[in-house]
Amino acid sequence: MNLDNGIIYVDVDGVLANWVQGLLSRINEAHGTSYVHDDWNSWDASIVPKGKKWWDYTSDREFWQHLPLYPWARELFMHAKVTGMPMAFLSSLPVKTPDVLEARREWLDEHMQGLWKWKPSEHLISANKKELVVHAGDLLIDDSPTNVNAVRNIVGAEVWCLAQPWNRGITQDRLSPNVILHRLEHLRKE
Ligand SMILES: [Mg+2]
């Protein structure tokens, strides 16, 4: 692993923002169900009622503005920052809800503020194909099997998959938040 001149890219949904809980709260509210985070264990979307799509529940700005924060999120961001490597948020915004970019920026500025001299939203990159952004020498921290597998095809790029119920199929470098924090500490430049 040679990350000397690389960039750390941190995904937002599923890594920092609890998008799944946000979605399940909306579904539970609408249909009287009681799904919890760990029930979302694949992207086959069997939880979404027939005739509905998940984006039917997430198309308003408020959804994105009020996504809950994972308990480790600020610490993970802080650890990435103090490595001394440049870092950015790399988020793929759903094409079905195109109006959410501003809400995403507001979310980052609210929840990641105070850890950086810049506004966090100034370091937001939106790309639905992350393999177009990540290069050899970069590190991506992500939760999506699609992104993890796509970026693993880039020779020299490093991918750490944050363990979530929906990425159990990933066998290599599927890591708990604590292990990710620990690994980031080892990337720190002297
Ligand atoms: Mg994600």
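Residues numbered from 1 in each chain as written. Predicted model: local features only at pLDDT ≥ 70, side-chain atom pairs only at ≥ 80, totals over all residues.

**Q** Can you tell me about the environment of D39, naming the residues and giving the values?
**A** Following the sequence through the fold, D39 ends up in the loop between α1 (19-31) and α2 (61-65). Taking the C-beta count within 10 Å as the criterion, D39 has 13 such neighbours and is therefore assigned partly exposed. Between the C-alpha atoms of D39 and V20, which are 19 residues apart in sequence, the distance is 9.6 Å. (Helix = DSSP H or I, 4+ residues; strand = E, 2+ residues; numbered from the N terminus. Buried ≥ 20, exposed ≤ 12 C-beta atoms within 10 Å, placed from the backbone.)

**Q** Which residues make up the nonpolar core, and what are the values?
**A** Note that soluble globular proteins tend to have their nonpolar side chains buried in a common cluster. Ranked by size, the top nonpolar core spans 40 residues in total, and within it Y9, V10, L16, L140, I141 and V159 carry the most contacts. Each of domain 1 (8-17 + 68-187) and domain 2 (20-64) contributes no fewer than three residues to this core. Non-local contacts of L140, meaning those with residues more than four positions away in its chain, are made with Y9, L90, K130, V134, V151, A157 and V159. (Core = buried A, V, L, I, M, F, W, Y, C linked by C-beta atoms within 7 Å. Domains from an automatic or database assignment. Contact = placed C-beta atoms within 7 Å.)

**Q** Describe the domain arrangement of the chain, listing the residues and the values that go with them.
**A** Size of an interface, as often reported, equals the accessible area lost when the parts are brought together. Per the domain assignment, the segments making up the chain are domain 1 (8-17 + 68-187) and domain 2 (20-64). Of the residues lining the interface, 12 residues belong to domain 1; the matching set on domain 2 comes to 13 residues. Residue composition of the side of domain 1 that touches domain 2, grouped by class: 7 nonpolar, 2 polar and 3 charged. (Nonpolar A, V, L, I, M, F, W, Y, C, P; charged D, E, K, R; others polar.)

**Q** How would you explain the sheet that holds strand β3 (residues 124-126) if you had to name every residue and give the values?
**A** The strand order across the open sheet formed by 6 strands is β3-β2-β1-β4-β5-β6, and the pairing between neighbours is parallel. Edge strands, defined here as strands with exactly one partner in the open sheet, are β3 and β6 (174-175). With 4 bridges connecting them, strand β4 (residues 139-142) and strand β5 (residues 158-162) associate as parallel partners. Paired with L139 across the two strands is E158, which belongs to β5. Against the sheet, helix α6 (residues 177-187) makes contact with β4, β5 and β6, and its axis sits at roughly 150° relative to β5, the strand it touches most. (Pairing = 2+ DSSP bridges. Axes fitted to C-alpha atoms, helices over the stretch in contact; angles between N-to-C directions.)

**Q** Let's hear about helix α4 (residues 101-111): which residues, and what values?
**A** Of all the residues in α4, the buried ones are R104, W107 and L108. Projected onto a plane normal to the axis of α4, the buried residues spread over an arc of 95° and lie on a single side. Among the structural elements, α2, β2 (87-91) and β3 are those in contact with the buried residues of α4. (Arc of directions from axis to C-beta.)

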